[in-house]
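Spelled out from the first residue to the last, the chains are:
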Amino acid sequence: MKKIFIVGSLNMDLVINSPYMPKAGETITGSNFMTNGGGKGANQATACGKLGGNAVMCGVVGNDSFGETLINNLKSSGVDTTFIRKQENVSTGIAVIVVAEGDNRIILDKGANAHLTEKDIDAALSHAEKGDIYLTQLENPIDIIGYGLKKAKSLGLYTILNPAPANVDIAEYFAYVDLITPNETECEIFGGKDNLFKKGIKTVITTLGSKGYEIATENSSVVYPCLKVKAVDTTAAGDTLCGGLSVGLAEGKSLEESIAFGSKAASIACTRRGAQQSVPTRAEVTEYAAD
């Protein structure tokens, strides 16, 4: 199996359920407060590890208890944490998440995630081989994420970009992206599929929520349904999909097989609260049967 190098964010999520999204100036009573390891990079690394991939995480945390907890969480999911660096005098990234009616709103403090450097990426990729998978997102400085894509491509890795949260500044690095995985809103922000193809991206997988996902190239477009479930919390669904997709590709499966596996894992994650703890194991995906 090929290695999967995940470069990205690590956050501690502070989650609370709410009966509805409060209006400006409004105070309401929530419930079921919890802390949970998060950050799109760490979520995707967790998914890769729990779903059976050979995952290596590269990122930065603060030298604090949250950072230590995040590292230990990843280790327990089977992720290589050698290339997670602790930054002094900076807090670990924080995400405040309000969950209401099966949907969520998130406020981020990047903290140590803003301190990711080119040297961090160089150190991790010094262990990469041609054909390995490179997976990244946009919760770290855009120029550093762009550097990582360019570096990975120069080493012959297969590059996957999950363009979230959407930031058009990443567009100058699209030539180094093999596969991009936006949702419908993100795809529109980047000018649509045709614009992504013009920028050099070969394959676009657009997630369509409960409608499934679309696999598109310049010459074809096919929409596939997803597993139907009752959503409880969608926080890490997209990250789980990206992780499962990467694992399938690392195992040599076809793109269609890989994304179907990732989509099923993502649907299962939607039935559980939290980010990393909602990600199913490979056995759970294999054995899961819809009600």
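Structure first, text after, so check above.
A. Representation of the overall build of the protein in the model. Across its full length, the protein carries nine helices and 13 strands. On C-alpha atoms alone, the protein measures out to a radius of gyration of 18 Å, which is about the 19 Å that the 2.2 N^0.38 rule sets for 291 residues. With respect to the principal axes defined by its C-alpha atoms, the protein has extents near 50 × 45 × 40 Å. In the protein, buried positions account for 52% of the 291 residues.

B. The side chain of Thr-92, seen in detail. Locating Thr-92 in the fold gives a position in the loop between strand 5 (80-87) and strand 6 (93-100). Of the residues examined, Thr-92 reaches a relative accessible area of 1% and is grouped as buried. Polar side-chain contacts of Thr-92 include one of 2.9 Å to the backbone nitrogen of Gly-62. Once residues within four sequence positions are removed from consideration, Thr-92 is found in contact with Leu-10, Val-61, Gly-62, Asp-64, Phe-66, Gly-67, Leu-70 and Ala-112.

C. Region of the structure containing the sheet that holds strand 12 (residues 213-217). Across the sheet, which stays open at both edges, the nine strands sit in the order 5-4-1-8-9-10-11-12-13 with mixed pairing between neighbours. One side of each edge strand has no neighbouring strand; the edge strands of this open sheet are strand 5 and strand 13 (220-224). One ladder, built from five bridges, connects strand 1 (residues 3-7) with strand 4 (residues 54-62); its direction is parallel. When the bridges of strand 4 are listed, Phe-5 appears paired with Val-56. Where helix 1 (residues 40-50) meets the sheet, its contacts fall on strand 1, strand 4 and strand 8 (133-136), and the angle it forms with strand 4 comes to roughly 155°. Contacts between helix 8 (residues 255-269) and the sheet are confined to strand 10 (179-180), strand 11 (203-207), strand 12 and strand 13, with strand 12 contributing the most and set at about 155° to the helix.

D. Region of the structure containing the sheet that holds strand 6. With mixed pairing, four strands are arranged side by side in an open sheet as 3-2-6-7. The strands lining the two open edges of the sheet, one partner per strand, are strand 3 (31-38) and strand 7 (103-109). For this sheet, the mean inter-axis angle between neighbouring strands, taken without regard to orientation, is 20°. Here strand 6 pairs with strand 7 via seven bridges, running antiparallel.

E. Structural detail: the nonpolar core. Ranked by size, the top nonpolar core spans 41 residues in total, and within it Ile-6, Leu-10, Met-57 and Leu-74 carry the most contacts. With seven residues, helix 7 (residues 237-250) is the largest single contributor of residues to this core. Among all residues touching Met-57, those that are not within four sequence positions of it are Ile-6, Gly-8, Ser-9, Leu-10, Gly-41, Ala-42, Ala-45, Leu-74, Val-79, Asp-80, Phe-83 and Ile-84.

F. Looking closely at helix 8. Taking 1.5 Å as the rise per residue, helix 8 with 15 residues should run 21 Å; its terminal C-alpha atoms sit 21 Å apart, in good agreement. For helix 8, the complete set of buried residues consists of Leu-255, Ser-258, Ile-259, Phe-261, Gly-262, Ser-263, Ala-265, Ala-266, Ser-267, Ile-268 and Ala-269. Looking at the packing, one finds that the buried side of helix 8 touches strand 10, strand 11, strand 12, helix 7 and helix 9 (282-287).

Criteria and cut-off values
- Residues numbered from 1 in each chain as written.
- Predicted model: local features only at pLDDT ≥ 70, side-chain atom pairs only at ≥ 80, totals over all residues.
- Heavy atoms only, no water.
- Helix = DSSP H or I, 4+ residues; strand = E, 2+ residues; numbered from the N terminus.
- Rg over C-alpha atoms; globule rule 2.2 N^0.38 Å.
- Buried < 20%, exposed > 50% of the residue type's maximum accessible area, 1.4 Å probe, protein only.
- Polar contact = N/O pair within 3.5 Å; in protein donor to acceptor, adjacent residues only side chain to side chain.
- Contact = heavy atoms within 4.5 Å.
- Pairing = 2+ DSSP bridges.
- Axes fitted to C-alpha atoms, helices over the stretch in contact; angles between N-to-C directions.
- Core = buried A, V, L, I, M, F, W, Y, C linked by side-chain atoms within 4.5 Å.
- Expected span 1.5 Å × (residues − 1).

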